[in-house]
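# Notes for the structure review
One letter stands for each residue in the lines below.
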Amino acid sequence: MESIHMDRVQWEELDILVNVVQTTFVEAFAHCNTQEDMEDYKEKGLNKTVIEKEWKDPNSIYVFARSSEGNQILGYLKVNFGDAQNEIRDPDAMEIQRLYVLKEHQNKKIGGKMIDWAMQMARDRTSPVLRYVWLGVWEHNKSAIRFYERLGFVIFDQHHFMLGQDDQIDLLMKKTI
């Protein structure tokens with residue numbers, strides 16, 4: 001099991017963040033989507049302008065998971081509060097919008113540690129006190145669904161997610177704090 005720490009992404013790391021965001025997205029989904037849809041989504045939804053705008057939003061936080069030895073980036077997560085949330089915008093909730101581990105570091109319990117960190121962040125928030133954490137996961141990403149279920153998340157709804165020209169369904173999952 002890898003020893004990790006979580007660090008808020010700094011402004012001077014923005015280019016690195018964009019690279020990690022795009023790399024992990026392609027690693028996760030290129031094998032089951034068309035190249036055209038992947039490129040379209042990267043160009044429109046994961047470009048530097050979009051990531052920079054999200055990074056600047058005071059209700060969003062980007063965090064790198066880093067190895068305790070060597071400070072190597074292993075993955076990242078993005079959480080949203082209040083009106084930065086994508087779907088629900090419940091002031092009593094926190095959204096985990098993105099959680100990705102670089103392919104070479106998967107299956108080392110890093111994702112679980114990242115969720116633990118996010119849940120602790122949600123528990124520590126006092127204004128307002130949060131009641132639950134929620135996220136969306138693609139309906140065909142069975143391993144991610146099982147992962148979140150093992151961590152106590154339950155499916156409570158679904159929404160549409162446009163990946164290029166492909167209208168996909170994300171299952172919405174939540175966990176009470």
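The structure this text deals with has already been given above.
Residues numbered from 1 in each chain as written. Predicted model: local features only at pLDDT ≥ 70, side-chain atom pairs only at ≥ 80, totals over all residues. Heavy atoms only, no water.

## Thoughts on the pairing of strand β3 (residues 73-81)
Heads up, the rule is: The classification of residues rests on relative accessible area computed with a 1.4 Å probe and restricted to protein chains. Under 20% of the type maximum is buried, over 50% is exposed, and intermediate values are partly exposed. Secondary structure is summarised from DSSP: a helix means a run of H or I of at least four residues, a strand means a run of E of at least two, and numbering begins at the N terminus for each. By this definition, two strands are paired if DSSP reports at least two bridges between them.
A large share of β3 lies buried, amounting to nine of its nine residues. Between strand β2 (residues 60-67) and β3, which pair antiparallel one after the other, the connecting turn spans five residues, and Gly 70 there sits at a positive phi close to 90°. One ladder, built from seven bridges, connects β3 with strand β4 (residues 93-101); its direction is antiparallel. Within the sheet, the bridge partner assigned to Gly 75 lies in β4 and is Val 101.

## A word on the packing of helix α1 (residues 14-29) against helix α2 (residues 35-45)
Our working definition: Lines fitted to C-alpha atoms define the axes, with helix axes restricted to the stretch in contact, and inter-axis angles between N-to-C directions lie between 0 and 180 degrees. For classification purposes, angles smaller than 35 degrees are called roughly parallel, those larger than 145 roughly antiparallel, those between 65 and 115 roughly perpendicular, and all remaining angles oblique. It is the rotation of the near helix from the far one that decides the hand of a crossing: anticlockwise by less than a right angle makes it left-handed, clockwise makes it right-handed. Contact between two residues is taken to exist if any of their heavy atoms lie within 4.5 Å; hydrogens are not considered. Here the nonpolar group is Ala, Val, Leu, Ile, Met, Phe, Trp, Tyr, Cys and Pro; Asp, Glu, Lys and Arg are the charged ones; every other residue, Gly included, is treated as polar.
In the contact formed by α1 and α2, the axes pass within 11 Å of each other and the chain directions differ by 160°. Between α1 and α2, the angle falls in the class roughly antiparallel. As for the relative orientation of α1 and α2, their crossing is right-handed in sense. For the pair α1 and α2, contact is made by Gln 22, Phe 25, Val 26 and Phe 29 and by Met 38, Tyr 41 and Lys 42, respectively. A per-class count over the contact of α1 with α2 returns five nonpolar, one polar and one charged.

## Overview of the sheet that holds β4
In space, the seven strands of this open sheet follow the order β1-β2-β3-β4-β5-β7-β6, with mixed pairing throughout. A strand with exactly one partner marks an edge of an open sheet, and here the two such strands are β1 (4-8) and β6 (154-163). Here the strands of the sheet are splayed against their neighbours by 30° on average, with no regard to which way each runs. One ladder, built from seven bridges, connects β2 with β3; its direction is antiparallel. Following the sheet pairing, Val 63 is matched in β3 by Leu 77. Against the sheet, α2 contacts β4, β6 and β7 (166-176), and its axis sits at roughly 95° relative to β6.

## Observations regarding unusual backbone geometry
In most cases, non-glycine residues show a negative phi, while peptide bonds are predominantly trans. Between Ser 127 and Pro 128 the backbone carries a cis peptide bond, its omega angle lying at 0°. Although it is not a glycine, Arg 89 sits at a positive phi angle of roughly 55°. By secondary structure assignment, the location of Arg 89 is in the loop between β3 and β4. Phi angles above zero are rare outside glycine, and Lys 109 is one such case at about 70°. Mapped onto the secondary structure, Lys 109 falls in the loop between β4 and α4 (110-124). Lys 109 gets classed as exposed once you look at its relative accessible area, which sits at 58%.

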